[in-house]
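Below are the chains, spelled out letter by letter.
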Amino acid sequence: MSRIRASIIVKNLIIVLIFGFFATDVIAQSVRPRARDLGLKIGVLATGENNAITDVSGVAVGQTTIIQGDNIRTGVTAILAHGGN
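Throughout what follows, the structure given in this document is the object of discussion. (Residues numbered from 1 in each chain as written. Predicted model: local features only at pLDDT ≥ 70, side-chain atom pairs only at ≥ 80, totals over all residues. Heavy atoms only, no water.)

**Re the overall build of the protein chain**
Helices and strands together make up the secondary structure of the protein chain, namely one helix and two strands. Going from N to C terminus, the protein chain has its helices and strands arranged as α-β-β. In the protein chain, buried positions account for 1% of the 85 residues. A fraction of 8% describes how many contacts in the protein chain between residues 6 or more apart in sequence connect residues 24 or more apart. (Helix = DSSP H or I, 4+ residues; strand = E, 2+ residues; numbered from the N terminus. Buried < 20%, exposed > 50% of the residue type's maximum accessible area, 1.4 Å probe, protein only. Contact = heavy atoms within 4.5 Å.)

**Here we look at unusual backbone geometry**
Backbone geometry at N51 places phi at a positive 50°, although glycine is not the residue there. A relative accessible area of 35% means that N51 is categorised as partly exposed.

**With respect to the pairing of strand β1 (residues 60–68)**
Taken together, the nine bridges between β1 and strand β2 (residues 72–80) define a ladder with antiparallel strand orientation. Paired with A60 across the bridge in β2 is L80. Adjacent in sequence and paired antiparallel, β1 and β2 are bridged by three residues, among which G69 carries a positive phi angle near 65°. (Pairing = 2+ DSSP bridges.)

**Examining a nonpolar patch on the surface**
Taken together, the side chains of V10, I14 and I18 present a nonpolar region at the surface, about 260 Å² in accessible area. Within the secondary structure, I18 is located in helix α1 (residues 3–29). Judged by its relative accessible area of 45%, I18 is partly exposed. (Patch = residues over 30% accessible without salt bridge, like charges linked within 9 Å, V, L, I, M, F, W, Y side chains within 5 Å. Areas by Shrake-Rupley, 256 points an atom, 1.4 Å probe, with all protein chains shown as cover. Salt bridge = Lys/Arg side-chain N within 4 Å of Asp/Glu carboxyl O.)

**Details of the environment of G58**
Positionally, G58 belongs in the loop between α1 and β1. With 22 residues separating them in the primary sequence, G58 and L80 have C-alpha atoms 8.3 Å apart. Those residues in contact with G58, other than ones at most four positions away along the chain, are L80, A81, H82 and G83.

So this is what it looks like as structure tokens:
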């Protein structure tokens, strides 16, 4: 392969990589609107102060993550609907 052709391939590869980097950044920044933002109201109750499940009285949420080495990432989330659950 000639030097000129190798140079063109390298330049094209750099352009593709740069375009890919910026394209993924733009996609990551585009946020889909929430139903509430579109005027849709789901349910009859108002949202809580933090707009979270923990705003509901008596609900407890806990989570833990296990990390082992470089390859294992796992976890669990528990939601207790009330103290008697």
